[in-house]
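Okay, here's what each chain looks like letter by letter:
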Amino acid sequence: MSTGEHEERVRAHLQTGEVFGAAVWVSRADEQPPMEITRSELSPLRFRRRPRDMPYRPPVELAAGLEEHVRLVSEPRILAVTDRRLLVLAKRAFSSALRVRWECPRDRLTAAAEQGGRLRLDFADGSTLTLLTPSAQVRPFLDQV
């Protein structure tokens with residue numbers, strides 16, 4: 001799918017006044033290694049209350065949030081950048097229509113680079129993510145970052 005076709009499909013999800021930058025197909029770069037469970041994770045003591053001096057902090061890494069919504073090569077997603085946001089869009093079940101699966105403010109993406117079909121994204125919170133992407137179609141995306 002060309003950048004022009006991406007643009008047409010992404011435009012339906014833009015906010016009033018938002019300007020489309022570029023879009024590219026993305027998928028997971030590597031399979032996740034199998035998780036190993038430790039003895040402490042199996043222990044029922046892990047459910048005990050946390051100390052009062054340890055405040056709860058939900059995960060805030062942008063890369064982790066994005067990675068949750070990217071699938072394998074057989075089910076690629078569209079990564080789009082606008083003047084305001086970075087978006088991941090995916091096909092709806094039993095339809096060719098797209099829906100926004102994840103987004104973050106554009107200024108939270110600090111850098112992007114491509115090498116050999118792998119797109120590395122760096123975020124303002126220090127997190128990074130590497131995705132597979134068609135090398136021939138990634139240049140317009142990188143030019144917008």
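Fair warning: this is a prediction, and the values are worked out from it, not measured in the lab. (Residues numbered from 1 in each chain as written. Predicted model: local features only at pLDDT ≥ 70, side-chain atom pairs only at ≥ 80, totals over all residues. Heavy atoms only, no water.)

So, about the sheet that holds strand S7 (residues 128-132). Sheet strands associate in pairs through backbone hydrogen bonding, adopting either a parallel or an antiparallel arrangement. Spatial ordering of the open sheet is given by S4-S3-S2-S1-S7-S6-S5, a layout of seven strands whose pairing is antiparallel. Across the chains shown, the open sheet's two edge strands, defined by having one partner strand only, are strand S4 (98-105) and strand S5 (109-115). Looking at each pair of strands side by side, their axes are set apart by 30° on average, direction ignored. The pairing of strand S1 (residues 20-28) with strand S2 (residues 77-82) spans six bridges and is antiparallel. Counterpart to Trp25 in the pairing with S2 is Ile78. (Pairing = 2+ DSSP bridges. Helix = DSSP H or I, 4+ residues; strand = E, 2+ residues; numbered from the N terminus. Axes fitted to C-alpha atoms, helices over the stretch in contact; angles between N-to-C directions.)

Glancing now at the nonpolar core. Counting 23 residues, the largest nonpolar core has Leu66, Leu79, Leu86, Leu119, Leu121, Phe123 and Phe141 as the members making the most contacts within it. Leu121 has contacts with Leu66, Leu79, Leu109, Ala111, Ala112, Ser127, Thr128, Leu129, Leu131 and Phe141, leaving out every residue within four places of it along the chain. Grouped together as the second largest cluster of nonpolar side chains are ten residues, Ala23, Trp25, Ile78 and Leu98 included. (Core = buried A, V, L, I, M, F, W, Y, C linked by side-chain atoms within 4.5 Å. Buried < 20%, exposed > 50% of the residue type's maximum accessible area, 1.4 Å probe, protein only. Contact = heavy atoms within 4.5 Å.)

We now examine the pairing of strand S3 (residues 85-91). The element S3 is extensively covered by neighbouring structure, given that six of its seven residues are classed as buried. Here S2 pairs with S3 via four bridges, running antiparallel. Residue pairing in the sheet places Ala80 in a bridge with Leu87 of S3. Bridge analysis of S3 against S4 gives seven bridges, and the strand direction is antiparallel. In the strand pairing of S4, Arg85 is matched with Pro105.

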